[in-house]
Amino acid sequence: MTDSKTLPSGRTPITAMEMRQITKRFPGVLANDSVDFDVNGSEVHALLGENGAGKSTLMKVLYGLYQQDSGDIYINGQLVKINSPTAAIKLGIGMVHQHFMLVQTLTVAENVALGLPSSRGPLTDLDAVSKRINELADTYGLRIDPDAYIWQLSVGQQQRVEIIKALYRGAALLVLDEPTAVLTPQEVDELFVIMRQMVKDGYALIFISHKLHEVVEISHRVTVLRNGKKIGTRPTSEVTKQILANWMVGHEIEFITSTEKIDPGAVRLAVKNVTCDSDRGTVGLDDVSLEVHSGEIMGIAGVSGNGQRELAEVMAGLRKPTAGRIYLEGDDVTGCEPDELTNRMLSYIPEERMRDGMIGSFTIAENMILREHKKMPYSKYGFLNLKNISAHTDQLIEQFNVKTPSQKTMAKSLSGGNIQKVVLARELSRSPHAIIAAQPTRGLDIGATEYVREQLIKQRNGGTAVLLISEDLDEIFALSDRIAVIYEGKIMAILDREEATREKVGLLMAGVKQEEEYA
Amino acid sequence: MISDLFSITVFLGILSSGIRLATPYLFASVGEAFSQRSGILNLGVEGQMLMGAFTAFYVALNTDSLWLGVLAGMAVGALMGLAMGFVTIHLHAQQGISGIGFYLFGLGMSNLLFQLLVGTVETVRGFPRIALPLISQIPVFGNIFFNQNILVYLAFLLVPISWYVLNKTTLGLKIRAVGENPQAADSLGVSVNRIRYFTTILGGTLSGLSGASLSIALLNVFQQGMTAGQGFIAVALVYFGAWRPWGVLAGALLFSLVNGLQLWIQVLGIPIPSEFATMMPYVLTIVVLTASLSKVRAPAALTKPFERE
Ligand SMILES: Nc1ncnc2c1ncn2[C@@H]1O[C@H](COP(=O)(O)OP(=O)(O)OP(=O)(O)O)[C@@H](O)[C@H]1O
Ligand SMILES: [Mg+2]
């Protein structure tokens, strides 16, 4: 705790923010039902709940993006009206959004400067902004090139830009909506260092995450929402991961991990000496060779931005390699369109599911059959069979526990985690021969995470070849039969699970190769 | 004869009329580029030009002041831009359809007003040529480039200015952001609607000016439907120019040069059917657009209405 009167930015701190009896209704959904929530200066208050529990909605009310139907907000004891983000920013509230609020075609500096007054009046002062960004980056260890375009950055780097954007605006209260979902464990540690520093400086922080160990580690208090209602608030020191899990879901849940080894079959998915460019024009993949067998999960471990995205896109036919060949079930499919690969029963779970995996203005049912709509039983002679589609969708909604008012709801109005579930349900339910899964459990609550992992294991046991790209080492270790480590576009080593330890993989991820050990 | 086309005088003549004829395209296209960069497709440019052309002509005719005419043409364009903004931004009307509505409105209204208020063919004096000191003395080329009327100079000046505004000012940054990702801009406190109103009004103003440049600076007469599709070509030029002022300039010059060529073909009595000659710029529009469109990406939020919830 600090007793200084101002924050480092010179602004008066928010010592107490209180939301009282907030209710927010969407058509068919009561997203927030008389929720009380508060946060104090020099505190991290964690907000927990399953996908669709209403966390983001509550935070968007606080940030002025949504208007509550009823309820009041008080800052430092005073009733405030927050009817726009401008009002929120003025009051000292900043938000790092679950789905990035970045303009892809602008640079980092331009995104940061957007909407701020410039020191040069009507002219932009991007050089000054870049300098400030670099200073912030130095203080908080958030390295980023201010002149890079957003579309050139990995998801993890984009997240950094979001954090910098909020810090840059000198907010006194910062909402972090699932900031760690896209970060590597090391990056999460770095973020926590920043957060602790901010707490010491007097900031009020609201932290949303589905990873209970993070909540236990970083927060002072924790509040749980379920189905839009507040279940309770407690000091973090009085809870454990298990207690939180039960509290959230309302019943016991078990953490499954182990997978009994089965004998892998023929090679299903392979790349040989593949090289490709990244979006920045630099080398994305450098002479990569990999084989994934039937009945095997191959995990790709690596720090965000080391070629994972390029690898997934090359294998899914979305990016053309400059050299090398790609094989699916023994056939050379180099240069095949994604369509053709889909017909050959390759499933692809893209990293950016909002952008690449679904159509926001389509209904859930339409999104569920995006891939299979030309086939029986979903269509015949070009006519959709709505009855079968509807039955299939209902079944998937039930199996994957998608929280939605109906299957006719537009996909974009679902909660973040439920959007993920729609894509996963579609890709996993078509009995693929091979799956490329990029960050498949990112943003999912614990229940859904376990379900998806179970499904991946079930697919593997049924003979599917699974390429699992994940920055979550726990996930890699929990599911993979073999682990390939990628660094700067090269495969550093491929290890059997038995010989892979966290230390070994960690070193390889940092680019340290110990030839003698693996020779 | 065909060989006449290749003489130096004709070449210079084409260049000279090409530069003059680029003027209305430049005003209208730059305006349209601003509105499209912010996410609004305005197909009503032609109608705004016609209203601007008539108003400028009428005011100039009756007040004997060309500048009052220019101002009046711009004001009417601005009003139509405001109306376009209200319909698309406020009422979320489909942009393409509203634009066509405004085109038809401008076409009919300018005809009606002309018949009611003028009725016969009248001419105005028009802006005189201004030879810029010194540089207009450069042999051969000086006279082509630097002996034009004021609106021609203004149109060309508009290109670097608008490039500067789009790329170097906070306003330009907001415009670009709003056209790509209005949600992101909104979350940083940028008023999406205010920016879009600004660009539609600016677009209307420049379309009005474009029309005025036709009726009181280039042709010095008002005829019904005198824009003859130039407003639509101006929209196409924005695509051709990849939403960038310099690209728009390149497109405007290309089209006006072809137009100049076409005029000279008719003047010289070269035995190509005049219908065919007149078609040239339009055929070129289609060819060039199909060739250029595949490569450039439009602003991501173009034609998409913005709503917070
Ligand atoms: N703009 C919207 N229109 C309609 N319904 C919405 C909208 N935003 C959210 N909802 C609904 O409100 C409920 C709560 O969603 P919210 O995004 O707050 O969940 P969340 O707790 O953040 O979940 P997650 O962990 O998946 O991000 C969901 O049922 C969702 O479908
Ligand atoms: Mg959420």
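In this text the structure is predicted, and so the values were computed from the model without any measurement.

Caption draft 1: Summary view of the overall build of chain A. Of the regular secondary structure elements, chain A holds 18 helices and 22 strands. Computed over C-alpha atoms, the radius of gyration of chain A comes to 23 Å, within 12% of the 24 Å expected from 2.2 N^0.38 for 519 residues, which places it in the range of a compact globule. With the principal axes as the frame, chain A shows a C-alpha extent of 65 × 55 × 50 Å. Counting only residues that meet the buried cut, chain A has 57% of its 519 residues in that class. Counting only contacts in chain A whose residues sit at least 6 apart along the sequence, the fraction spanning at least 24 positions is 68%. For chain A, the exposed surface amounts to about 21100 Å²; the carbon and sulfur share of it is 51%.

Caption draft 2: Representation of unusual backbone geometry in the model. Of note in the backbone geometry, Glu488(A) takes a positive phi value of approximately 45° without being a glycine. In this structure, Glu488(A) sits in the loop between strand 21 (482-487) and strand 22 (490-496). You will see that His92(B), though not glycine, has its phi angle at about 60°, which is positive. Within the secondary structure, His92(B) sits in the loop between helix 3 (66-90) and helix 4 (95-117).

Caption draft 3: Spotlight on the nonpolar core. Residue and element names in this part refer to chain A. Counting 155 residues, the largest nonpolar core has Met 17, Met 59, Leu 62 and Leu 173 as its most contacted members. Once residues within four sequence positions are removed from consideration, Met 59 is found in contact with Phe 37, Leu 47, Met 95, Val 175, Ile 206 and Ile 208. Counting 31 residues, the second-largest nonpolar core is a separate cluster that includes Cys 276, Val 288, Met 298 and Ile 486.

Caption draft 4: Inspection of the packing of helix 10 (residues 230-240) of chain B against helix 11 (residues 245-267) of chain B at higher detail. Residue and element names in this part refer to chain B. Their axes nearest at 8 Å, the elements helix 10 and helix 11 cross at an angle of 130°. As far as their axial angle goes, helix 11 and helix 10 are oblique. Crossing geometry of helix 10 relative to helix 11 is assigned as right-handed. Every residue of helix 11 that contacts helix 10 at Ile 233, Leu 237, Val 238 and Phe 240 is listed here: Gly 247, Val 248, Ala 250, Gly 251, Ala 252, Leu 254 and Phe 255. Across the contact of helix 10 with helix 11, the residue classes break down as 9 nonpolar, 2 polar and no charged.

Caption draft 5: Expanded view of the pattern of salt bridges. Residue and element names in this part refer to chain A. Under the criterion given, the structure shown has 24 salt bridges over all chains. For Glu 329, the salt bridge goes to Arg 268, with nearest N and O atoms at 3.6 Å. Taken together, the positions of Glu 329 in the loop between strand 14 (323-328) and strand 15 (331-332) and Arg 268 in strand 11 (residues 267-277) put the pair 61 residues apart, joining distant regions of the chain. Here Glu 329 falls in the partly exposed class, since its relative accessible area comes to 35%. Taking the shortest distance from any N to any O, the salt bridge between Asp 286 and Lys 490 comes out at 3.0 Å. Of this pair, Asp 286 sits in strand 12 (residues 283-293) while Lys 490 sits in strand 22, placing them 204 residues apart in sequence. Judged by relative accessible area, Lys 490 falls into the partly exposed class, the value being 42%. A cluster of three or more residues bridged by salt bridges with shared partners is formed by Glu 450, Arg 453, Asp 472 and Glu 475.

Caption draft 6: View of a nonpolar patch on the surface. On the surface, Ile135(B), Ile138(B), Val140(B), Phe141(B) and Phe145(B) cluster together into a nonpolar patch covering about 410 Å² of accessible area. With respect to the helices and strands, the residue Phe145(B) is situated in helix 5 (residues 141-145).

Caption draft 7: Local environment of the site of ligand 1. All names here are of chain A. By nearness alone, 21 residues border ligand 1, and Lys 55, Ser 56, Thr 57, Ser 415 and Gly 417 come closest of all. The separation between a nitrogen atom of ligand 1 and a polar side-chain atom of Tyr 66 is 3.2 Å. When ligand 1 sits alone it has 640 Å² of accessible area, and the protein chains cover 90% of it. Secondary structure elements with two or more residues in the shell around ligand 1: strand 2 (29-40), helix 1 (55-62) and helix 14 (416-428). Looking at which domains feed residues into the shell around ligand 1, each of domain 1 (16-100 + 171-249) and domain 3 (350-430) gives three or more.

Caption draft 8: Structural detail: the sheet that holds strand 11 of chain A. Residue and element names in this part refer to chain A. Spatially, the 4 strands line up as an open sheet ordered 12-11-14-15, and their pairing is antiparallel. Of all the strands in the sheet, the pair left with one neighbour each is strand 12 and strand 15. With 7 bridges connecting them, strand 11 and strand 12 associate as antiparallel partners. By the bridge assignment for strand 12, Ala 270 is matched with Glu 291.

Caption draft 9: Representation of the domain arrangement of chain A. All names here are of chain A. Considered domain by domain, chain A is made up of domain 1 (16-100 + 171-249), domain 2 (265-345 + 433-439 + 463-519) and domain 3 (350-430). Computed from C-alpha atoms alone, the centre-to-centre distance between domain 1 and domain 3 is 30 Å. Each partner contributes to the interface: domain 1 provides 9 residues, whereas domain 3 provides 10 residues. Buried area between domain 1 and domain 3, both sides added, is near 700 Å², and the carbon and sulfur share of it is 54%. Sorting the residues of domain 1 by area buried against domain 3 places Asn 51, Gly 52 and His 99 first, and these three jointly supply 61% of that buried surface. The interface formed by domain 1 and domain 3 contains 0 salt bridges.

Caption draft 10: Structural view of the packing of helix 1 (residues 8-37) of chain B against helix 9 (residues 192-218) of chain B. Residues and elements named next belong to chain B. Where helix 1 meets helix 9, the closest approach of the two axes is 7 Å, and the angle between their N-to-C directions is 170°. Between helix 1 and helix 9, the angle falls in the class roughly antiparallel. Across from Arg 20, Thr 23, Pro 24, Phe 27, Ala 28, Val 30, Gly 31, Phe 34 and Ser 35 in helix 1, the residues of helix 9 making contact are Thr 199, Thr 200, Leu 202, Gly 203, Leu 206, Ser 207, Leu 209, Ser 210, Ser 213, Leu 214, Ala 217 and Leu 218. Of the residues in the contact of helix 1 with helix 9, the class split is 11 nonpolar, 9 polar and 1 charged.

Caption draft 11: The arrangement of the interface of chain B and chain A in detail. Listed as interface residues are 21 residues of chain B and, on the opposing side, 30 residues of chain A. The junction of chain B with chain A conceals about 2000 Å² of combined surface from both sides, 64% of it contributed by carbon and sulfur atoms. Of all residues in chain B, Leu173(B), Leu188(B) and Arg308(B) give up the largest surface area on contact with chain A, accounting jointly for 31% of the area buried on that side. Counting across the interface, chain B meets chain A through 1 salt bridge. For Glu110(A), the salt bridge goes to Arg176(B), with nearest N and O atoms at 3.2 Å. Linking chain B with chain A are 6 residue pairs in polar contact (both at pLDDT 80 or more), by the criterion used here. The set of elements that each furnish at least two residues to the side of chain B that touches chain A consists of helix 6 (150-168), helix 7 (170-180) and helix 8 (182-187) of chain B. Per-element accounting of the side of chain B that touches chain A gives the leading share, 6 residues, to helix 7 of chain B. Across the side of chain B that touches chain A, the residue classes tally to 7 nonpolar, 6 polar and 8 charged.

Caption draft 12: The arrangement of the packing of aromatic side chains in detail. Residues and elements named next belong to chain B. Under the counting rule described, the total for this entry stands at 12 aromatic pairs over all chains. Ring centres of Phe 54 and Tyr 58 lie 5.7 Å apart, and the angle between their planes is 15°; on these two criteria the pair is classed as stacked. Linking Phe 54 with Tyr 58, this pair stays in helix 2 (residues 45-63), spanning 4 residues, or about one helical turn. Given a relative accessible area of 2%, Phe 54 falls into the buried group. Geometrically, the ring pair formed by Phe 57 and Phe 222 is tilted, given 6.4 Å between the ring centres and 35° between the ring planes.

Caption draft 13: Summary view of helix 13 (residues 386-399) of chain A. All names here are of chain A. Across its 14 residues, helix 13 extends 20 Å between first and last C-alpha, which sits within 8% of the 20 Å expected from 1.5 Å per residue. Those residues of helix 13 lying buried are Ile 389, His 392, Thr 393, Leu 396 and Ile 397. The buried residues of helix 13 all sit within an arc of 135° when viewed along its axis, so they share a single face. Along helix 13, exposed side chains directed more than 90 degrees from the buried face belong to Lys 387 and Glu 398. Elements that come into contact with the buried residues of helix 13 comprise helix 12 (364-368), strand 18 (383-384) and helix 14.

Rules used throughout
Residues numbered from 1 in each chain as written. Chains lettered and ligands numbered in written order. Predicted model: local features only at pLDDT ≥ 70, side-chain atom pairs only at ≥ 80, totals over all residues. Heavy atoms only, no water. Helix = DSSP H or I, 4+ residues; strand = E, 2+ residues; numbered from the N terminus. Rg over C-alpha atoms; globule rule 2.2 N^0.38 Å. Buried < 20%, exposed > 50% of the residue type's maximum accessible area, 1.4 Å probe, protein only. Contact = heavy atoms within 4.5 Å. Areas by Shrake-Rupley, 256 points an atom, 1.4 Å probe, with all protein chains shown as cover. Core = buried A, V, L, I, M, F, W, Y, C linked by side-chain atoms within 4.5 Å. Axes fitted to C-alpha atoms, helices over the stretch in contact; angles between N-to-C directions. Parallel < 35°, antiparallel > 145°, perpendicular 65-115°, else oblique. Left-handed = near helix turned anticlockwise from the far one by under 90°. Nonpolar A, V, L, I, M, F, W, Y, C, P; charged D, E, K, R; others polar. Salt bridge = Lys/Arg side-chain N within 4 Å of Asp/Glu carboxyl O. Patch = residues over 30% accessible without salt bridge, like charges linked within 9 Å, V, L, I, M, F, W, Y side chains within 5 Å. Near = heavy atom within 4 Å. Polar contact = N/O pair within 3.5 Å; in protein donor to acceptor, adjacent residues only side chain to side chain. Domains from an automatic or database assignment. Pairing = 2+ DSSP bridges. Buried area = accessible area lost by both parts, 1.4 Å probe. Phe/Tyr/Trp six-rings, centres within 6.5 Å; stacked < 30°, edge-to-face > 60°. Expected span 1.5 Å × (residues − 1). Arc of directions from axis to C-beta.

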